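Here's the letter readout for the chains.
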Amino acid sequence: MIKFNDKIQSDIDSLYERYKNNQGTRDFVLLKAAEELNELSAELIQKVLHPTHETDDKIHDELGDVFIRLGILTKFYNMDQINNRIDLKMKKIVKKMSV
């Protein structure tokens, strides 16, 4: 799981409290998360396609943006279900790597 420092976690918690009771704002949170994920995806693809032209700085920036949005987004969903999925996926990955 993503572990934020106390200040960042407090800021994420505050944003969630402002967002949670407003459907329009919740939709905004979903769209912003998708936007940041797309931006990270684009940077990762560029890093593979043009490794000498891309620096890791852009990836660091996009990872930070994605982590913030995921920190807020996960508060809208059941963490037990998310953790169960993470556990299942990790087992699959480990099994594939063991072959």
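Up top is the structure these notes are about.
Residue numbers here run from 1 along each chain, matching the order of that chain's written sequence. A pLDDT threshold of at least 70 governs which residues receive local features in this predicted model, and a stricter bar of 80 or more applies before side-chain atom pairs are shown or counted, although totals over entire chains, interfaces and linings include all residues. The side-chain figures draw on all heavy atoms in the structure; neither hydrogens nor water molecules are used.

Draft legend 1. Focus on a positive patch on the surface. A surface patch of positive charge is lined by Arg-85, Lys-89, Lys-92 and Lys-96. With respect to the secondary-structure elements, Arg-85 resides in helix H4 (residues 79-98). Taking the relative accessible area as the measure of exposure, Arg-85 reaches 44% and is therefore partly exposed. Residues forming no salt bridge and having over 30% relative accessible area are the ones grouped into patches, like charges within 9 Å of each other and nonpolar side chains (Val, Leu, Ile, Met, Phe, Trp, Tyr) within 5 Å. Note that accessible areas follow from Shrake-Rupley with a 1.4 Å probe, and for residues the cover is restricted to the protein chains shown. Take a side-chain nitrogen of Lys or Arg and a carboxyl oxygen of Asp or Glu: if they are within 4 Å of each other, that pair is a salt bridge. All tallies of charge rest on Lys and Arg as positive and Asp and Glu as negative; His and the ends of each chain are not included. Where a charge lies is defined by one atom per residue type, namely NZ (Lys), CZ (Arg), CG (Asp) and CD (Glu). Only DSSP runs of H or I with at least four residues qualify as helices, and only runs of E with at least two residues qualify as strands; both kinds are numbered from the N terminus onward. Exposure classes here rest on a 1.4 Å probe applied to the protein chains alone. A residue is buried below 20% of its type maximum, exposed above 50%, and partly exposed in between.

Draft legend 2. Inspection of the nonpolar core at higher detail. The set of buried Ala, Val, Leu, Ile, Met, Phe, Trp, Tyr and Cys residues whose side-chain atoms join them within 4.5 Å is what this entry labels a nonpolar core. Judged by nonpolar contacts, Phe-4, Ile-12, Tyr-16, Tyr-19, Val-29, Ala-33, Ile-72, Leu-73 and Phe-76 together constitute the single largest core of nine residues. At the level of secondary structure, the elements contributing two or more residues to this core comprise helix H1 (6-19), helix H2 (23-49) and helix H3 (56-73). If you tally residues by element for this core, the top one is H1, at three residues. Residue contacts for Tyr-16: discarding those within four places in its chain leaves Ile-72, Lys-75 and Phe-76. Residues count as neighbours in contact if any of their non-hydrogen atoms are within 4.5 Å of one another.

Draft legend 3. Quick peek at the packing of aromatic side chains. Each Phe, Tyr or Trp ring, with Trp reduced to its six-membered ring, pairs with another whose centre is within 6.5 Å; inter-plane angles below 30 degrees give stacked pairs, above 60 give edge-to-face pairs, and intermediate values give tilted ones. Applying the stated criterion to the full structure yields two aromatic pairs. Relative to Phe-28, the ring of Tyr-19 has its centre 6.5 Å away and its plane inclined at 65 degrees; by these criteria the two rings are edge-to-face. Overall, Phe-28 belongs to the partly exposed group, its relative accessible area being 38%. One cation-aromatic arrangement involves Arg-26 over Tyr-77; the distance from NZ or CZ to the ring centre is 5.4 Å. Charges are assigned to positions over rings by a cutoff of 6 Å between ring centre and Lys NZ or Arg CZ, combined with an angular limit of 35 degrees from the ring normal.

Draft legend 4. Layout of the pattern of salt bridges. One pass over the full model with this rule turns up six salt bridges. Lys-20 is the salt-bridge partner of Glu-17, the closest N and O atoms lying 3.0 Å from each other. Of the charged contacts in the structure, one is a salt bridge between Asp-87 and Lys-91, with a shortest N-O distance of 3.3 Å. In this pair, Asp-87 and Lys-91 are both assigned in helix H4, four residues apart and thus about one turn of the helix distant. By relative accessible area, Asp-87 is classed as partly exposed at 39%.

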